[in-house]
Amino acid sequence: MLKNYGKIAISIIFISMFLLILGIKYVLGQDLVIMNLLAFAAFSIVIGVLAGAMLLYKLRKAFYIFAIGLLIGFFEMYRSFITGPEEFGDLAGILSLFIFTAFGFVIGLIVDAIYYLLRKNEQKD
């Protein structure tokens with residue numbers, strides 16, 4: 001899996017772009033403009049690059065936690081779009097995607113750092 005980090009990063013970019021467009025255009029029913037597509041592309045590229053970098057630097061635990069956070073974020077975004085589109089469901093959905101993705105990234109890095117420090121401590125003894 002570590003040899004295919006580029007393919008996995010590209011796949012994550014396309015999948016997240018597709019899910020964002022699907023959520024905004026079809027689930028929420030909003031028209032997309034160029035600025036939306038640019039923002040979606042930027043977010044998707046950042047997510048893909050982070051995932052690829054985690055695999056490149058062999059942070060597998062961080063990658064899996066990040067991927068779980070991303071999946072939960074997309075699930076919450078769709079849930080917010082479906083349950084409350086007339087209120088602040090659109091804003092809450094996008095924010096929940098960003099928050100869960102960021103939490104997954106940070107928690108994944110913390111878990112991998114703790115694992116690294118524990119292994120380093122065991123090798124000294």
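Right above here is the structure, for reference.
Notes on the structure in this doc start here. (Residues numbered from 1 in each chain as written. Predicted model: local features only at pLDDT ≥ 70, side-chain atom pairs only at ≥ 80, totals over all residues. Heavy atoms only, no water.)

What follows concerns helix H2 (residues 34–56). An ideal rise of 1.5 Å per residue puts 33 Å on 23 residues; H2 measures up with 32 Å between its terminal C-alpha atoms. Buried within H2 we find Phe40, Phe43, Ser44, Ile47, Gly48, Ala51, Gly52, Met54 and Leu55. Where H2 is buried, its residues meet helix H1 (5–27), helix H3 (60–83) and helix H4 (89–124). Following H2 by one or two positions, Lys58 adopts a phi angle in the positive range, close to 60°. (Helix = DSSP H or I, 4+ residues; strand = E, 2+ residues; numbered from the N terminus. Expected span 1.5 Å × (residues − 1). Buried < 20%, exposed > 50% of the residue type's maximum accessible area, 1.4 Å probe, protein only. Contact = heavy atoms within 4.5 Å.)

Time to look at the pattern of salt bridges. Enumeration over the complete set of coordinates arrives at one salt bridge. Residue Arg79 is joined to Glu76 by a salt bridge in which the shortest nitrogen-to-oxygen separation is 2.9 Å. Within this pair, Arg79 and its partner Glu76 are both found in helix H3, separated by three residues, close to a single helical turn. Residue classification places Arg79 among the partly exposed residues on the basis of a relative accessible area of 38%. (Salt bridge = Lys/Arg side-chain N within 4 Å of Asp/Glu carboxyl O.)

Evaluated as defined, the whole model comprises three aromatic pairs. Between the aromatic rings of Phe66 and Phe105, the centroid separation amounts to 6.0 Å while the plane-to-plane angle is 75°, which identifies the pairing as edge-to-face. One end of the pair, Phe66, is in helix H3; the other, Phe105, is in helix H4, and 39 residues separate them in sequence. Positioned above the aromatic ring of Tyr26 is the side chain of Lys25, whose terminal nitrogen or guanidinium carbon lies 5.9 Å from the ring centre. Just above the ring of Tyr115 sits the side chain of Lys61; from NZ or CZ to the centre is 3.9 Å. (Phe/Tyr/Trp six-rings, centres within 6.5 Å; stacked < 30°, edge-to-face > 60°. Lys NZ or Arg CZ within 6 Å of the ring centre and 35° of its normal.)

Let us now look at unusual backbone geometry. Although it is not a glycine, Lys58 sits at a positive phi angle of roughly 60°. With respect to the helices, strands and loops of the structure, Lys58 is situated in the loop between H2 and H3. The class for Lys58 is exposed, based on a relative accessible area of 61%.

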